[in-house]
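The lines below spell out each chain.
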Amino acid sequence: MIDSRVVRINYEEIRTELFRKGIHIMVALVPALATINIAATEFFLAAAAIFYSVCEVSRVNGKSVILVSGITAAAARKRDEGRFVLGPVTLAIGAMMALMLYPSTAAAVAIYALAFGDSAASLVGKFFGRIELQGFGKKTLEGTLACFGAVYTSTLLVTSDSTAAFVVAVAAAVLELVPVKDIDNLLIPVGTGFAAVMIL
């Protein structure tokens, strides 16, 4: 007989992870916004990070902010309970860094790697991962391959260059393996953007 408590926990984990990565993938809108006005896009990302931080400090101190605190609570993992959830801040800063450091094509590649590569690795690794890679926290081979595939595809669509797509995807997959939790939101766009600049 199936333990209903286990089923509930699994369902809640799936819902939380899908909700989290749905928010994460929204950063893929940044390159399109940057083509319209890069300065305004950077300002929006900075303002969003600051606004979120203020709301999150309030939430941690027991003062909920309408909508924002509810979204944060819904997206929080068990490890985030009772503490400041850093992910959205590093996500915004990672996208900003890509825009500031790299030309538009490399920046787009970097941001798509962050949006799609990191999300694919997390979802596939968490729900389908079986082969754990020793020394990399809870990273799995399946998650790493999913990251590679997502970044290869997105980079190929941006550049139409299969060699560049391969190099960037390898860089993203390696960087995603580094067990640094939310700091990967900085590491992935900066590292893949650098790889894109070098190969392009």
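Residues numbered from 1 in each chain as written. Predicted model: local features only at pLDDT ≥ 70, side-chain atom pairs only at ≥ 80, totals over all residues. Heavy atoms only, no water.

Caption draft 1: Representation of the overall build of the chain. Counting secondary structure elements, the chain contains 9 helices and 0 strands. Starting at the N terminus and ending at the C terminus, the chain contains elements arranged as α-α-α-α-α-α-α-α-α. Expressed as a percentage of its 200 residues, the buried residues of the chain come to 42%. Intrachain contacts of the chain at a sequence separation of at least 6 include 70% that bridge at least 24 residues. Per element, the accessible surface of the chain, about 10,800 Å² overall, is 70% carbon and sulfur. (Helix = DSSP H or I, 4+ residues; strand = E, 2+ residues; numbered from the N terminus. Buried < 20%, exposed > 50% of the residue type's maximum accessible area, 1.4 Å probe, protein only. Contact = heavy atoms within 4.5 Å. Areas by Shrake-Rupley, 256 points an atom, 1.4 Å probe, with all protein chains shown as cover.)

Caption draft 2: Broad picture of helix H9 (residues 184–199). If you check H9, its first and last C-alpha atoms are 22 Å apart, about what 16 residues at 1.5 Å a residue would give, namely 22 Å. For H9, every residue scored as buried is listed here: Asp184, Asn185, Ile188, Pro189, Thr192, Gly193, Ala195 and Ala196. Along the long axis of H9, the arc covered by the buried residues comes to 160 degrees, so they all point the same way. (Expected span 1.5 Å × (residues − 1). Arc of directions from axis to C-beta.)

Caption draft 3: Main features of the pattern of salt bridges. Under the criterion given, the structure shown has 2 salt bridges. Lys21 serves as the salt-bridge partner of Asp118, at 3.4 Å between the closest nitrogen and oxygen. On the criterion of sequence distance, the pair formed by Asp118 in helix H6 (residues 104–128) and Lys21 in helix H1 (residues 4–25) is long-range, its members being 97 residues apart. Like Asp118, the residue Lys21 is buried in the burial classification. (Salt bridge = Lys/Arg side-chain N within 4 Å of Asp/Glu carboxyl O.)

Caption draft 4: Just the packing of aromatic side chains, in detail. Across all of its chains, the model carries 4 aromatic pairs by this definition. Ring geometry for Phe148 against Tyr152: centres 6.1 Å apart, planes inclined by 20 degrees, an arrangement best described as stacked. In this pair, Phe148 and Tyr152 are both assigned in helix H7 (residues 141–159), 4 residues apart and thus about one turn of the helix distant. Overall, the relative accessible area of 25% leaves Phe148 in the partly exposed class. Considering the side-chain rings of Phe148 and Phe166, the 5.7 Å spacing of their centres and the 75 degrees angle between planes classify their relative orientation as edge-to-face. Of this pair, Phe148 sits in helix H7 while Phe166 sits in helix H8 (residues 162–177), and the two are 18 residues apart along the sequence. (Phe/Tyr/Trp six-rings, centres within 6.5 Å; stacked < 30°, edge-to-face > 60°.)

Caption draft 5: A look at the packing of H6 against H7. The contact between H6 and H7 brings their axes to 7 Å, and the two run at 155 degrees. Between H6 and H7, the crossing angle belongs to the class labelled roughly antiparallel. Where H6 crosses over H7, the two elements pack in a sense that is right-handed. Packed against H6, whose contacting residues are Thr105, Val109, Tyr112, Ala113, Phe116, Gly117, Ala120, Ala121, Val124, Gly125 and Phe128, the element H7 presents Glu142, Gly143, Ala146, Cys147, Ala150, Val151, Ser154, Thr155, Val158 and Thr159 at the interface. (Axes fitted to C-alpha atoms, helices over the stretch in contact; angles between N-to-C directions. Parallel < 35°, antiparallel > 145°, perpendicular 65-115°, else oblique. Left-handed = near helix turned anticlockwise from the far one by under 90°.)

Caption draft 6: Structural view of the confidence of the model for the chain. Averaged over every residue, the pLDDT of the chain is 87; residues scoring 70 or more account for 87%. Note on residues 1–9: pLDDT under 50 across the span, and 2 contacts to partners over four residues away in sequence or across chains. (pLDDT = per-residue confidence, 0-100.)

Caption draft 7: Fine view of a nonpolar patch on the surface. A cluster of nonpolar side chains, namely Phe166, Val167, Val170, Val174, Ile199 and Leu200, defines an oily patch on the protein surface of about 470 Å² accessible area. With 4 residues, the top contributor of residues to the nonpolar patch is H8. Note that Val174 resides in helix H8. (Patch = residues over 30% accessible without salt bridge, like charges linked within 9 Å, V, L, I, M, F, W, Y side chains within 5 Å.)

Caption draft 8: The arrangement of the nonpolar core in detail. Within the largest apolar cluster, 34 residues are counted, with the highest numbers of intra-cluster contacts made by Val27, Val30, Leu45, Leu99, Ile111 and Val151. When contributions to this core are tallied by element, the ones reaching two or more residues are helix H2 (30–36), helix H3 (38–60), helix H5 (87–101), H6, H7, H8 and H9. When residues in this core are grouped by element, the largest group, 11 residues, is from H6. (Core = buried A, V, L, I, M, F, W, Y, C linked by side-chain atoms within 4.5 Å.)

Caption draft 9: Representation of H5 within the structure. Taking 1.5 Å per residue, 15 residues should reach 21 Å; H5 reaches 21 Å between its end C-alpha atoms and fits that length. Buried within H5 are the following residues: Gly87, Val89, Thr90, Leu91, Ala92, Gly94, Ala95, Met96, Ala98 and Leu99.

Caption draft 10: Spotlight on the environment of Leu45. With respect to the helices, strands and loops of the structure, Leu45 is situated in helix H3. Exposure remark for Leu45: the relative accessible area of 7% places this residue in the buried category. Between the C-alpha atoms of Leu45 and Ala92, which are 47 residues apart in sequence, the distance is 5.5 Å.

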